[in-house]
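Structural overview for review
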Amino acid sequence: MAALPRGKQGVASALNDLTRELGGVLGIAALGSAFNTVYRAEIEDATSDEAPRDSLAAALATAEQLGGPAGERLAGAARDAFASGMLGALLVGEAVVVVGGLAAAFLLPGRSAGAPN
């Protein structure tokens, strides 16, 4: 912000805040979508009921209602699907960080040795 004239620093700061918040929202949406896609694909084989596909809590509640070996199988499948979903989301996040880091390293202009930090 210090590189801008005083009259433009407020607008630049607001724009910086907007891009940070928008990036956070879009990042959460992308990671949530990746998680949900993997979770639903994994849990689909374990049940034909729609409720367990919505969330881990719903799947565990359904498993508790079923009880017995069928409930245990559903609970195990739901936990495995949750872990797979988290892994998928983390891998997507990791890929975004790596691509962002490479883009920053190659596309942003370098600083000269005497430039202030």
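Cut-offs and rules
- Residues numbered from 1 in each chain as written.
- Predicted model: local features only at pLDDT ≥ 70, side-chain atom pairs only at ≥ 80, totals over all residues.
- Heavy atoms only, no water.
- Buried < 20%, exposed > 50% of the residue type's maximum accessible area, 1.4 Å probe, protein only.
- Helix = DSSP H or I, 4+ residues; strand = E, 2+ residues; numbered from the N terminus.
- Arc of directions from axis to C-beta.
- Contact = heavy atoms within 4.5 Å.
- Patch = residues over 30% accessible without salt bridge, like charges linked within 9 Å, V, L, I, M, F, W, Y side chains within 5 Å.
- Areas by Shrake-Rupley, 256 points an atom, 1.4 Å probe, with all protein chains shown as cover.
- Salt bridge = Lys/Arg side-chain N within 4 Å of Asp/Glu carboxyl O.
- Lys, Arg positive; Asp, Glu negative; His and termini not counted.
- Charge placed at Lys NZ, Arg CZ, Asp CG, Glu CD.
- Axes fitted to C-alpha atoms, helices over the stretch in contact; angles between N-to-C directions.
- Parallel < 35°, antiparallel > 145°, perpendicular 65-115°, else oblique.
- Left-handed = near helix turned anticlockwise from the far one by under 90°.
- Expected span 1.5 Å × (residues − 1).

Some thoughts on helix 3 (residues 56-66)
Among the residues of helix 3, those classed as buried are Ala 59, Thr 62 and Ala 63. Looking straight down helix 3, one finds that the buried residues subtend no more than 100° of arc, so they occupy a single side. Exposed positions of helix 3 whose direction lies more than 90 degrees from the buried face are Ala 57, Glu 64 and Gln 65. On its buried face, helix 3 sits against helix 1 (6-43), helix 2 (51-54) and helix 4 (68-107). Note on helix 3: the residue one or two positions beyond its end, Gly 67, has a positive phi of about 65°.

Points about a negative patch on the surface
A cluster of like negative charges, contributed by Glu 42, Glu 44, Asp 45 and Asp 80, occupies part of the molecular surface. Mapped onto the fold, Glu 42 is located in helix 1. The exposure class assigned to Glu 42 is partly exposed, which follows from its relative accessible area of 41%.

Description of the packing of helix 3 against helix 4
It is at 7 Å that the axes of helix 3 and helix 4 come closest, and there the two elements cross at 170°. When the axis of helix 3 is compared with that of helix 4, the two are roughly antiparallel. Judged by the twist between their axes, the crossing of helix 3 over helix 4 is left-handed. When helix 3 is examined against helix 4, the residues Leu 56, Ala 59, Leu 60, Thr 62, Ala 63 and Leu 66 are found in contact with a partner set consisting of Gly 68, Ala 70, Gly 71, Leu 74, Ala 75, Ala 78, Arg 79 and Phe 82.

Some thoughts on a nonpolar patch on the surface
A cluster of nonpolar residues, Val 98, Leu 102, Phe 106 and Leu 107, forms a patch on the protein surface that exposes about 470 Å² of accessible area. Positionally, Val 98 belongs in helix 4. For Val 98, a relative accessible area of 43% gives the class partly exposed.

Digging into the pattern of salt bridges
This structure, assessed with the given rule, holds 4 salt bridges. Taking the shortest distance from any N to any O, the salt bridge between Arg 20 and Asp 17 comes out at 3.7 Å. Remark: Asp 17 and Arg 20 occur in helix 1; sequence separation between them is 3 residues, near one turn of the helix. We classify Arg 20 as exposed; its relative accessible area is 55%.

Observations concerning the environment of Asp 54
Tracing the chain through its elements places Asp 54 in helix 2. The exposed category is assigned to Asp 54, whose relative accessible area is 52%. C-alpha separation for the pair Asp 54 and Tyr 39, spaced 15 residues apart in sequence, amounts to 9.0 Å.

Here we look at helix 1
The first and last C-alpha atoms of helix 1 sit 56 Å apart over 38 residues, in line with the 56 Å expected at 1.5 Å per residue. Residues of helix 1 that are buried include every one of Ala 12, Ala 34, Phe 35, Tyr 39 and Ile 43, and no others. Its buried side turned inward, helix 1 meets helix 2, helix 3 and helix 4.

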